[in-house]
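# Summary of the model geometry
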There are 2 protein chains.
Amino acid sequence: MIADTQVAVSGERLTVTYSLHAGPKDALAIAEKATTEQTIEFPPELIGDDGIRDHIFGRIERFEAVEERLHHADISYAVECSAFNLPQLFNLIYGNISLFPQMRVERFALPQSLASVFKGPRFGIAGLRETLAAPKGPLFMTALKPQGLPANRLAAQAYEFARGGLDIVKDDHGLANQPFAPFRERVAQCCDAVARANAETGGNTVYAPMISGPSEQIVEQAFWAKEQGAGALLIAPALIGFDVARRLAQDDALGLPMIGHPAMMGSYVVSPTNGFSHYAMFGQVMRLVGMDVSIFPNFGGRFAFSPGECRSIMAGCTDPMDHFASIVPSPGGGMTFENVPDMARFYGEDVMYLMGGDLHKQAGTLEENCWKLRALANVPDGGEVR
Amino acid sequence: MIADTQVAVSGERLTVTYSLHAGPKDALAIAEKATTEQTIEFPPELIGDDGIRDHIFGRIERFEAVEERLHHADISYAVECSAFNLPQLFNLIYGNISLFPQMRVERFALPQSLASVFKGPRFGIAGLRETLAAPKGPLFMTALKPQGLPANRLAAQAYEFARGGLDIVKDDHGLANQPFAPFRERVAQCCDAVARANAETGGNTVYAPMISGPSEQIVEQAFWAKEQGAGALLIAPALIGFDVARRLAQDDALGLPMIGHPAMMGSYVVSPTNGFSHYAMFGQVMRLVGMDVSIFPNFGGRFAFSPGECRSIMAGCTDPMDHFASIVPSPGGGMTFENVPDMARFYGEDVMYLMGGDLHKQAGTLEENCWKLRALANVPDGGEVR
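Residues numbered from 1 in each chain as written. Chains lettered and ligands numbered in written order. Predicted model: local features only at pLDDT ≥ 70, side-chain atom pairs only at ≥ 80, totals over all residues. Heavy atoms only, no water.

## Points about the nonpolar core
Note the cut-off: Grouping buried Ala, Val, Leu, Ile, Met, Phe, Trp, Tyr and Cys residues that are joined through side-chain atoms within 4.5 Å yields what is termed a nonpolar core. Burial classification: accessible surface area is computed with a 1.4 Å probe over protein chains only, and a residue below 20% of its type maximum counts as buried, one above 50% as exposed, and the rest as partly exposed. Contacts are residue-level and defined by heavy atoms, with any inter-residue pair within 4.5 Å sufficient.
Phe 242 and Tyr 347 of chain A together with Phe 242 and Tyr 347 of chain B are the most contacted members of the largest nonpolar core, which totals 279 residues. Setting aside residues no more than four positions away along its own chain, Phe 242 of chain A makes contact with Leu 86, Phe 90, Pro 237, Met 265, Tyr 268, Met 281, Val 285 and Val 289 of chain A together with Met 264 of chain B.

## Considering the environment of Asp 167 of chain B
Residue and element names in this part refer to chain B. Basically, it comes down to this: Comment: elements are numbered from the N terminus, with helices defined as DSSP H or I runs of at least four residues and strands as E runs of at least two.
Along the chain, Asp 167 turns up in the loop between α6 (151–163) and β6 (168–171). Relative accessible area serves as the criterion here: at 5%, Asp 167 is assigned to the buried category. Considering only alpha carbons, one finds Asp 167 and Ala 249, 82 residues apart in sequence, at a separation of 20 Å. In this structure Asp 167 touches Leu 132, Ala 134, Pro 138, Leu 139, Phe 140, Asn 204, Thr 205, Val 206 and Arg 374, once residues within four positions along its chain are discounted.

## Focus: the interface of chain A and chain B
How big an interface is tends to be reported as the loss of accessible area on association of its parts. Going by this rule: Two parts placed together each lose some accessible area under a 1.4 Å probe, and the buried area is that loss summed for both. One speaks of a salt bridge when a side-chain nitrogen belonging to Lys or Arg is within 4 Å of a carboxyl oxygen belonging to Asp or Glu. Think of a polar contact as two N or O atoms within 3.5 Å of one another; within protein, one of them needs to be a possible hydrogen donor and the other a possible acceptor, and neighboring residues in sequence only count if both atoms come from side chains. For this classification, the nonpolar set comprises Ala, Val, Leu, Ile, Met, Phe, Trp, Tyr, Cys and Pro, the charged set comprises Asp, Glu, Lys and Arg, and every other residue, Gly included, is treated as polar.
Tallying the contact residues gives 86 residues for chain A and 86 residues for chain B. Summed over both partners, the interface of chain A with chain B comes to about 6,900 Å²; 60% of that surface belongs to carbon and sulfur atoms. Considering only the surface of chain A that becomes buried against chain B, Glu 41, Leu 99 and Met 264 of chain A emerge as the three largest contributors, covering 11% of it. Our count for the chain A to chain B interface comes out at 10 salt bridges. Note that Glu 45 of chain A is salt-bridged to Lys 361 of chain B, the shortest N-O span being 3.1 Å. Seen at the junction of chain A and chain B, the total is 46 residue pairs in polar contact (both at pLDDT 80 or more). Sorting the residues of the side of chain A that touches chain B by element identifies α1 (24–37), α2 (51–56), α3 (86–94), α6 (151–163), α9 (237–240), α10 (242–249), β10 (275–276) and α14 (358–361) of chain A as the ones contributing at least two each. When the residues that make up the side of chain A that touches chain B are grouped by side-chain class, the tally is 45 nonpolar, 26 polar and 15 charged.

## Considering the relation of the copies chain A and chain B
Formally: Least squares is the method for superposing the copies, and the C-alpha atoms it fits come from residues with pLDDT of at least 70 in both.
Mapping chain A onto chain B calls for a screw motion: a turn of 180° about the axis and a shift of 0.0 Å along it, with 0.0 Å RMSD after fitting. Taken together, the rotation angle and the small translation identify this as a two-fold axis. Of the C-alpha atoms belonging to chain A, the one lying closest to the rotation axis is found on Gly 241 of chain A, 1.8 Å away. Interface residue correspondence from chain A to chain B reaches 100%, placing this contact among same-surface, isologous pairings.

## So, the UniProt feature "domain: Ribulose bisphosphate carboxylase large subunit C-terminal" (unreviewed entry) in chain A
Heads up, the condition is: UniProt positions are given in the numbering used here, feature names are shortened, and annotations may be inferred rather than shown by experiment.
Look at the UniProt record and you will see "domain: Ribulose bisphosphate carboxylase large subunit C-terminal" (unreviewed entry) annotated at residues 124–292 of chain A. As a span, residues 124–292 of chain A carries 44% helix and 12% strand, and end to end its C-alpha atoms are 5 Å apart.

## Digging into the sheet that holds strand β9 (residues 258–260) of chain A
Residues and elements named next belong to chain A. Put simply, the rule is: Any two strands with at least two DSSP bridges between them are considered paired. Fitted lines through C-alpha atoms serve as axes, helices being fitted only where they are in contact, and the angles separating the N-to-C directions of these axes extend from 0 to 180 degrees.
The sheet built from four strands is open, its strands ordered β8-β9-β11-β12 with parallel pairing. In this open sheet, the two edge strands, each paired with only one partner strand, are β8 (233–235) and β12 (328–332). Shown here is a sheet whose adjacent strand axes are inclined to one another by a mean of 25°, direction ignored. The sheet contact formed by β8 and β9 spans three bridges and is parallel. By the bridge assignment, Leu 233 is partnered in β9 with Met 258.

## Some points on the pairing of strand β3 (residues 70–78) of chain A
Residues and elements named next belong to chain A. Among the nine residues of β3, eight are classified as buried, and the element is accordingly described as predominantly covered. By the bridge criterion, eight bridges tie strand β1 (residues 13–20) to β3 in an arrangement that is antiparallel. From the neighbouring strand, Val 16 faces β3, where its bridge partner is Ile 75. As defined by bridge partners, strand β2 (residues 59–67) adjoins β3 across seven bridges and the pair is classed as antiparallel.

## As for α6 of chain B
For an α-helix, the turn length of 3.6 residues means that residues three or four places apart are oriented alike. Residue and element names in this part refer to chain B. Selection criterion: Each residue after the first adds 1.5 Å to the expected span of a helix.
Between its first and last C-alpha atoms α6 spans 18 Å; for 13 residues at 1.5 Å apiece the expected length is 18 Å, and the two agree. All of the buried residues in α6 are Ala 151, Leu 154, Ala 155, Gln 157, Ala 158, Tyr 159, Phe 161 and Ala 162. Where α6 is buried, its residues touch β5 (139–144), β6, α7 (183–201), α14 (358–361) and α15 (366–377). Within two residues after α6, Gly 165 carries a phi angle of roughly 80°, on the positive side.

## Considering helix α13 (residues 340–347) of chain A
Residues and elements named next belong to chain A. Condition: Think of the arc as the fan of directions from the helix axis to the C-beta atoms.
The complete set of buried residues in α13 reads Val 340, Met 343, Ala 344, Phe 346 and Tyr 347. Angular distribution of buried residues about the axis of α13 spans 165°; they occupy a single face of the element. In this fold, the buried residues of α13 make contact with β11 (293–297), α12 (307–318), β12, β13 (352–354) and α15 (366–377). Positive backbone phi, at 75°, marks Gly 348, one or two positions downstream of α13.

## Here we look at the sheet that holds strand β10 (residues 275–276) of chain B
Think of a sheet as strands paired side by side through backbone hydrogen bonds, with each pair either parallel or antiparallel. All names here are of chain B. Taking strand neighbours across the sheet as the criterion, the five strands line up as β2-β3-β1-β4-β10 in an open arrangement whose pairing is mixed. Only two strands of the sheet have a single neighbouring strand rather than two, namely β2 (59–67) and β10. The strands touched by helix α3 (residues 86–94) within the sheet are β1 (13–20), β3 (70–78), β4 (103–109) and β10, with β1 carrying the most contacts at an inclination of about 45°. The sheet contacts of helix α11 (residues 278–288) involve β4 and β10, and relative to β4 the element is tilted by about 45°.

## A word on the pattern of salt bridges
Enumeration according to the criterion identifies 42 salt bridges over all chains in this entry. Between Lys 145 of chain B and Glu 41 of chain A there is a salt bridge whose closest N-O contact spans 3.7 Å. Here the residue Lys 145 of chain B occupies a position in the loop between β5 and α6, and Glu 41 of chain A occupies one in the loop between α1 and α2, the pair thus bridging two chains. The exposure class of Lys 145 of chain B is buried, given its relative accessible area of 6%. Classification of Glu 41 of chain A by relative accessible area gives buried; the value is 10%.

## Examining the domain arrangement of chain A
All names here are of chain A. Quick reminder of the rule: Segmentation of the chain into domains, including their bounds, is taken from an automatic or database domain assignment.
Taken as a whole, chain A is organised into domain 1 (13–115) and domain 2 (124–377). Just the C-alpha atoms count here: the centres of domain 1 and domain 2 sit 34 Å apart. Here domain 1 meets domain 2 over a buried area of about 1,700 Å², counting both sides, of which 60% is carbon and sulfur. Looking only at domain 1, the three residues that lose the most surface to domain 2 are Leu 86, Arg 104 and Phe 108, adding up to 35% of its buried area.

## Some remarks on the packing of helix α8 (residues 218–228) of chain A against α10 of chain A
All names here are of chain A. What counts here: Put simply, a crossing is left-handed when the front helix is turned counterclockwise from the back one by less than a right angle, and right-handed when it is turned clockwise.
Relative to each other, α8 and α10 sit at 35°, their axes nearing to 11 Å. Crossing of α8 against α10: the hand is right-handed. Contact residues: Ile 218, Val 219 and Ala 222 in α8; Val 244, Arg 247 and Leu 248 in α10. Along the lines of polarity and charge, the residues of the contact of α8 with α10 split into five nonpolar, no polar and one charged.

See the structure below:
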């Protein structure tokens, strides 16, 4: 037995909505287990009627049936348990219970004292539109591909895409520091190519290099890219660490728009009974770590996301969330010219289309195809949006 | 069409064994998709008969049926595609395809030119036994709990556990920098308490504080803890970032044993059809990032791991793997006195038992219970090991 303990807390609590994929009795038992698994990680019967039980234990605030084998539980935790930093906040929300096959994070809500620790998206939709001089209408992004091309040919592509008026030309996320197109060589040449195109057209295309480390070098890489003229950075939080992504996004001296990529993030979302909802991961988490754009696989593309999941990502990116700016959902992963009209109706205006391969498949030059894409996506009648 | 491209590569390739959870035709189609999804991420029909196709594309080296809806594919990638760093290596192994619900990493094999980039476990089983002055027999670890106790009471526990002769006393992984037991206060007091107990008993107990950041401070935290006398560090790679874990482990000036914790790693292993096998994640990945001890949930405890999965973790920790030292599997997560004899037969000698709550449940003092645990786990007749 642990001797009774006084615990000084503010009384503020964060709340996580979990789905529990089991019948009512088991679902409640799992939720109850989580209240201690995520906090004291200790036999609850060894804790008296004290401050630890009152304040440190998670608390089931709501438990309800959605279907026979689907329940929702809101569990709250003392804000102090988060230690007011991201790794421990993640641990509190989904550390050990990431090992529970039947429990998933649907969404979370942070009290102001915790939310305020995170700067969140520096630009968001509004700031990004200002930076890109694109006050309305959908935004457009492509990726420099394929891996294996030398830096000068990637830069030549970047030039054409910038001539084509795309808003952002990013590295393919697999471009790191490979010998066939070393990081510094590629970034310098692509920055120059995009600047040259902008000077010629009066455009505002931004080049976003992939920043992926290793850890010892990642901050320096980001600053170096900025010095070369990179106007945004491409970041895969699950590859470099969510808290490293946050650290880069929050760096005022860096201060660039951040484009979040889902590489190695899939295992957190593909199970319907474990991990995070699409809403939480591609919306809330991306905003928490300060991404301004959230890339995800479009429905009907190379991956298995449903329209409903894509719609929930849009909501996660734009629903009110403390001081966190709304961010730009960016569907990609096999986007084609053919499905642009459907996408335009589905996503509306506040979207950044990410088209890769299909820009290369069309008859015209890359530059021409970019303009064709833009024309196609700007549905003149406004369509049936969302 | 991309103009033909020459690509200079060494010819060395890494190989990943994936399981594909589909019938033969679909499984092969998924494997084929992965060869480009993980590399060029581009329509393969736009690539000619050139160096990119020959070298950059992943290559299916083996494809075979295991069951009607379970196939294995070995896919190799040019070592240069890894950029010889961990984030891009992870991206290559399981970046975008982490979004494939039917494809899982079973194991991987790195050529020497890539393996040699990673130092791997600095101590491993042999080095850890030397550090702990425990040349044979099982090793023992506990955690300071519950969250909510002030630093002096956690330190008092640490003292008792060290008096009890446990090899490692670690922070509970949820202890970060909470106001009720701030990081510096807790680490300093626990280091002192363990040193005092060691001085009294002549023992070698090591205290391992949880190092969880935030990123801006994590390296400094680790060094500061070492200065206070911490003899090992507790790290959760999925919380702080796998590459940050590697960076800490590889730091020669730090040079402490690393204990890997699975917090937020669960979603990578709980699905049988997505993520990583237990062998790959708790064995190979932990060794790659330089953990000396791999904590995982024991079968029959609070989590759902099976004996077979635990056995595969043991294999992943100790199978030959380039220059990577064998590391110590550390089953925890609800270990009880009652199941110690079974565990002793199952795990054999090269194991580090992680017992938390049950040490508090026994009749004796914590110190007495530690000795009782040790006696119980040292099966005198050698038992039926593994």
